[in-house]
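Take a look at the letters that make up each chain.
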Amino acid sequence: MTTEIGHFALLLALAMAVIQSSVSLIGAARGDNSLMQAGAAAARAQVLCVTTAFAALTYAYVTSDFSVENVWTNSHSAQPMLYKAAGVWGNHEGSMLLWVLILALFGALVATFGGNLASSLRARVLAVQGAIAVAFLLFIVATSNPFLRLDPAPADGRELNPLLQDPGLAFHPPFLYLGYVGFSVAFAFAVAALIEGRVDAAWARWVRPWTLLAWTFLTIGIAMGSWWAYYELGWGGWWFWDPVENASFMPWLAGTALLHSALVVEKRDALKVWTVLLAIIAFSLSLVGTFLVRSGVLTSVHAFAVDPERGVFILVILTIFIGGSLALYAWRAPALRPGGLFAPVSREGALVVNNLLLTVACAAVFIGTLYPLALEAVTGDKISVGAPFFDATFAPIMVPLLVLAPFGPFLAWKRADLAGTAQRLLFALAVAVFGTIAAHAAAGSEGPLLAPLGIGLGLWLIAGAVSEIFWRIRAFNAPLRETLRRAVNLPRAQIGAALAHAGVGVVVLGITGVTAWRVAQIVEMQPGDTQEIAGYTVTFEGVAPRRGPNYSETVAGFRVARRGRPVDSFESSKRSYDVQRMTTTEAGIITSYTGDLYVAIGDEGPGGLTVRLWYNPLVPLIWFGAIIMALGGLISLSDRRLRIGAPRRARRDDTAREGAPA
Amino acid sequence: MTRRRRRVILLAGAAAVLGLATALMLTALEDSIVFFYSPSDIAERGLASGERIRLGGLVEEGSLVRGQGLTITFKVTDLENAVAVSYTGVPPDLFREGQGVVTEGAFDRSGAFIADTVLAKHDENYMPPEVADALKARGVWQEK
């Protein structure tokens, strides 16, 4: 019964979305306040309906109702409850429902907390959100309905894919979706602004927190995905330039550019055209990502196995929204009033360079991801573009950006003094140079020649962020009381930004460490054998069978010592899941301050058990740095000045163009 | 600085960066794209040794041999032609005789295919699109 309620709620949500979209648009065009309020009410009703549907599906999973086809395909009674619940979004239909839930949630948030927006702007934003919801709810109802029933009901299910039976599944998709579905709000704002023909500081002040929120979640989501792949897939890699990974990374790059660009619109009323375009691009890339993942056109370790008919539907949705918004942009962008002038060397100038490099880097990833698709469509040749392409294009574009990043916060608006800025960064430069030399000395002859420069780059970013904070609080340059006073009153947005930039530096350190100085070994071992790796002595103790809730495993235990003293022990296992009869490998990891020791077993051969060992220096810094970046985002969000309810600055020309009284 | 001059400088700068990036991407594409072939494609074309390619099909039943140490040899077939592959390392968990596989590597001078990557599938029912298409083209595709 609950399943049918959920199904009905879904259809109701579709109806609400249609109302939300059409009524808001008409209301805004006519300046009819009651219509606009009705649109907002429809948005709130929509989220209630979608939540009901989602709850109904979750209930079916949690109670293991195998008469629901979706539950039968993706769950089993012996599964731990965590995977029963998280399995709701571990498949195509359920994850689409999560997608529209988050979309509806953001729409309702704008409807509820958007009281300070001009009512016509808010209405148009809701109209766009509603339109997107209509498209995807239609997609779900027509092609990917999770509420289909099976008659007669099977006794038990087919089990969730064992690769997904991991705590990572509980967190990675929700955060990811909060991220790139969250960009729909920025998109809606951009389209609304184009329809209105007006982009001003108030608009930017609205766009920035939403974008920051989405960006923060996406950062966490991507980092979690990377970490999960690292420990789960048993290959010790943390990024594969897999099309699905790229699908989440491209919106992140565009979103970062958007964040910075919106800053210029808010502070200086400039770069409007670019900011609007970036907002459209960021969400468009999210949509493209959704298409790539679910249409089956690309080979990937984690594409959903979906038939092409659904792909065509999504493609149509893409064409309407991306094509439509870009057409609207081309038509209406010239109507936006150009903003303030600035000199090339200024904070605006630096942010323009930032935008440019991020956009180009995003384009590089885009081309690498979609080129195989395009080529196959045109010539029929099947090719693959892998890590070498991305390493050759992405890194050379990002490195200049990272070198320039610490300069940005020091530059003044409108016209800046480059020499003065360079002087303030001398300390950071010294730290970077010293770090490079130290890394070169420590590495000796191992690793690529340029690797110590990567360490230098990471330190440059961290030291640059620290320098900026020190400069703002006049540390070592003013009496201590003055410094402390400034430190306490430092706007959170500035702390957040510095933290985020430092976080990028930490990530760079991690990437350099693991890429340049990774040690890999593959050996056959008998019980009692030892293997030396990176100064550690790993002793294979033996294998033993073990039983889990829905799998049986063969566990290999290892003891680890360093310089004769025991350090720790870890194990790696091969699991065989009862229902799907799939084997997965679980890796063992020991994390220390300098890196990860990583072990994964293979098969038993004539010479012994195949064991793969890796030493991954500095790899935890990659995810630690991402957490720092997300923390910076959250701190920035808590800044009162960015708070959603903050009043708009009244400006004379605004009141003249204001719609119906709110 | 006038608005117009600033815009020109901006555009020139953007064009320069874009031009450089495009050159970078085209060079990288040339160097790093890897073509996909089925065993029958190879039988027809006869590939030069040293060229890095992807070879995909089904793992021929009965062809898997675990050799010395960590090297395994098997045959990749599209049910018409087969190519012998040798791989050193641990194959992914779903690698099995009779299942679809995509390998990446190159032919050595003696005509044997040395694979350095064997691609994992992510669930039992998933068939890499290229392999499915190749099998369909040969008319041997079985819809499950």
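Quick caveat, the model's predicted, so the values are computed rather than measured.

Conventions adopted
- Residues numbered from 1 in each chain as written.
- Chains lettered and ligands numbered in written order.
- Predicted model: local features only at pLDDT ≥ 70, side-chain atom pairs only at ≥ 80, totals over all residues.
- Helix = DSSP H or I, 4+ residues; strand = E, 2+ residues; numbered from the N terminus.
- Contact = placed C-beta atoms within 7 Å.
- Rg over C-alpha atoms; globule rule 2.2 N^0.38 Å.
- Buried ≥ 20, exposed ≤ 12 C-beta atoms within 10 Å, placed from the backbone.
- Pairing = 2+ DSSP bridges.
- Axes fitted to C-alpha atoms, helices over the stretch in contact; angles between N-to-C directions.
- Domains from an automatic or database assignment.
- Core = buried A, V, L, I, M, F, W, Y, C linked by C-beta atoms within 7 Å.
- Parallel < 35°, antiparallel > 145°, perpendicular 65-115°, else oblique.
- Left-handed = near helix turned anticlockwise from the far one by under 90°.
- pLDDT = per-residue confidence, 0-100.
- Expected span 1.5 Å × (residues − 1).
- Bend = angle between axes of the 7 residues up to and from the residue.
- Nonpolar A, V, L, I, M, F, W, Y, C, P; charged D, E, K, R; others polar.

(A) Layout of the overall build of chain B. Of regular secondary structure, chain B possesses three helices and seven strands. Reading the helices (α) and strands (β) of chain B from amino to carboxyl end gives α-β-α-β-β-β-β-β-β-α. Here the contacts in chain B between residues at least 6 apart in sequence split such that 52% fall between residues at least 24 apart.

(B) Looking closely at the overall build of chain A. When helices and strands are counted, chain A shows 20 helices and ten strands. At 27 Å, chain A has a C-alpha radius of gyration in line with the 26 Å of a compact globule built from 662 residues. When the backbone C-alpha atoms are referred to their principal axes, chain A occupies close to 85 × 75 × 55 Å. Looking at chain A as a whole, 54% of its 662 residues qualify as buried. Taking the intrachain contacts of chain A between residues at least 6 apart in sequence as the baseline, contacts between residues at least 24 apart amount to 74%.

(C) Seen up close, the sheet that holds strand 5 (residues 551-562) of chain A. All names here are of chain A. Pairing is antiparallel across the open sheet formed by five strands, whose spatial order is 3-4-5-6-7. The open sheet has two free edges, formed respectively by strand 3 (530-533) and strand 7 (583-586), since each of these has just one partner strand. Each adjacent strand pair in this sheet contributes to an overall mean axis angle of 25°, direction not counted.

(D) Broad picture of the domain arrangement of chain A. Assigned domains of chain A: these are domain 1 (1-148), domain 2 (198-405), domain 3 (406-515) and domain 4 (519-617). For domain 2 of chain A and domain 4 of chain A, the distance between their C-alpha centroids amounts to 38 Å.

(E) Just the nonpolar core, in detail. Core analysis: the biggest nonpolar cluster contains 220 residues, and Ala13(A), Val100(A), Phe136(A), Ala186(A), Phe189(A) and Ala279(A) have the highest contact counts within it. In this view, Ala279(A) contacts Ala186(A), Phe187(A), Phe189(A), Ala190(A), Val207(A) and Leu258(A); residues no more than four positions away in its chain are not counted.

(F) How the structure looks around the environment of Val59(B). Residue and element names in this part refer to chain B. Here valine 59 is to be found in strand 2 (residues 52-59). Sequence separation between valine 59 and serine 49 is ten residues; the distance between their C-alpha atoms is 22 Å. Apart from the residues within four sequence positions on either side, valine 59 is in contact with Leu64, Phe74, Val76, Arg96, Glu97, Gly98, Gln99 and Val101.

(G) Spotlight on the packing of helix 2 (residues 33-62) of chain A against helix 6 (residues 119-143) of chain A. All names here are of chain A. Orientation of helix 2 relative to helix 6, taken along the N-to-C sense of each, is 40°, at an axis distance of 10 Å. By the angle between their directions, the pair helix 2 and helix 6 is classed as oblique. For the pair helix 2 and helix 6, the crossing hand works out as left-handed. Here Asn33, Met36, Gly39, Ala40, Ala43 and Gln46 of helix 2 lie close against helix 6, whose contacting residues are Ser119, Ala123, Leu126, Ala127, Gly130 and Ala133.

(H) Spotlight on the pairing of strand 10 (residues 608-617) of chain A. All names here are of chain A. Burial analysis of strand 10 places nine of its ten residues in the buried class, the great majority of the element. Pairing of strand 9 (residues 595-605) with strand 10 involves nine bridges; the strand directions are antiparallel. Each bridged residue has a counterpart across the sheet, and for valine 599 the counterpart in strand 10 is leucine 613. The antiparallel hairpin formed by strand 9 and strand 10 contains two residues in its connecting segment.

(I) Geometry of the pairing of strand 6 (residues 100-107) of chain B. Residues and elements named next belong to chain B. Taking burial as the measure, the eight residues of strand 6 include six buried ones, the bulk of the element. Judged from the seven bridges that link them, strand 2 and strand 6 form a sheet pairing that is antiparallel. By the bridge assignment, leucine 58 is partnered in strand 6 with glycine 100. Relative to strand 7 (residues 113-118), strand 6 runs antiparallel, the two being bridged by five bridges. Bridge assignment links glycine 105 to a residue of strand 7, and that residue is alanine 115. Counting the residues that bridge the hairpin from strand 6 to strand 7 gives five residues, and of these glycine 111 lies at a positive phi of roughly 90°.

(J) Structural detail: unusual backbone geometry. Residues and elements named next belong to chain A. Of note, the amide linkage connecting aspartate 151 to proline 152 takes the cis form, showing an omega dihedral of 5°. Among the structural elements, proline 152 can be located in the loop between helix 6 and helix 7 (167-196). Of note in this structure, tryptophan 241 is not a glycine but carries a positive phi near 55°. The residue tryptophan 241 is located in the loop between helix 8 (201-232) and helix 9 (243-268) in this model. Note on tryptophan 241: 18 C-beta atoms within 10 Å, which makes it partly exposed. Positive phi is not limited to glycine here, since lysine 414 has a value of about 75°. By the element assignment, lysine 414 lies in the loop between helix 13 (387-404) and helix 14 (418-424). Taking the number of C-beta atoms within 10 Å as the measure of exposure, lysine 414 has 16 and is therefore partly exposed.

(K) Quick peek at the sheet that holds strand 2 (residues 519-525) of chain A. All names here are of chain A. Here four strands make up an open sheet; going across it, the order is 2-10-9-8 and the pairing antiparallel. Where the open sheet ends on each side, the last strands, each with one partner, are strand 2 and strand 8 (588-591). The mean inter-strand angle of the sheet, taken between neighbouring strand axes irrespective of direction, is 15°.

(L) The confidence of the model for chain A, seen in detail. Residue and element names in this part refer to chain A. Here chain A shows a mean pLDDT of 88. Residues at 70 or above account for 95%. Mean pLDDT across the elements of chain A bottoms out in helix 20 (residues 652-657) (43) and peaks in helix 19 (residues 620-637) (95). Here residues 645-662 is modelled with pLDDT under 50, and outside its nearest four sequence neighbours on either side it reaches 18 contacts, counting other chains as well.

(M) Spatial organisation of the confidence of the model for chain B. Mean pLDDT for chain B: 78, with 83% of residues reaching 70 or above. Scored as a whole, the predicted complex attains pTM 0.88, and scored at its interfaces, ipTM 0.72.

(N) How the structure looks around helix 13 of chain A. The end-to-end C-alpha distance of helix 13 of chain A is 25 Å, a good match for the 26 Å that 18 residues give at a rise of 1.5 Å each. Along helix 13 of chain A, the helix axis deviates most sharply at Ala395(A), where the bend reaches about 25°; the proline Pro396(A) sits within four residues downstream. Along helix 13 of chain A, the residues classified as buried are Phe389(A), Phe390(A), Thr393(A), Phe394(A) and Ile397(A). In this structure, the buried side of helix 13 of chain A is in contact with helix 12 (347-379) and strand 1 (383-385) of chain A together with helix 1 (3-32) of chain B.

(O) Region of interest: helix 12 of chain A. Residues and elements named next belong to chain A. A rise of 1.5 Å per residue sets the reference length of helix 12, with its 33 residues, at 48 Å; its end C-alpha atoms lie 46 Å apart and thus fit the reference within 8%. The sharpest bend along helix 12 comes to roughly 45°, located at leucine 370, with the proline proline 372 sitting one to four residues further on. Looking one or two places after helix 12, you find glycine 380, whose phi comes out positive at around 85°.

(P) Focus on the environment of Thr421(A). All names here are of chain A. Topologically, threonine 421 is positioned in helix 14. A C-alpha to C-alpha distance of 47 Å links threonine 421 and valine 599, two positions 178 residues apart in sequence. Look past the residues within four positions of threonine 421 in its chain and what remains in contact with it is Phe407, Phe410, Leu411 and Ala416.

(Q) Region of interest: the packing of helix 6 of chain A against helix 11 (residues 308-332) of chain A. Residues and elements named next belong to chain A. Interaxial distance between helix 6 and helix 11 falls to 11 Å at its minimum, and their mutual angle equals 170°. Relative to helix 11, helix 6 is oriented roughly antiparallel. For the pair formed by helix 6 and helix 11, the contact residues are Ile132, Ala135, Phe139 and Thr143 on the first element and Glu309, Arg310, Phe313, Ile314, Ile317 and Phe321 on the second. Considering only residue class, the contact of helix 6 with helix 11 consists of seven nonpolar, one polar and two charged.

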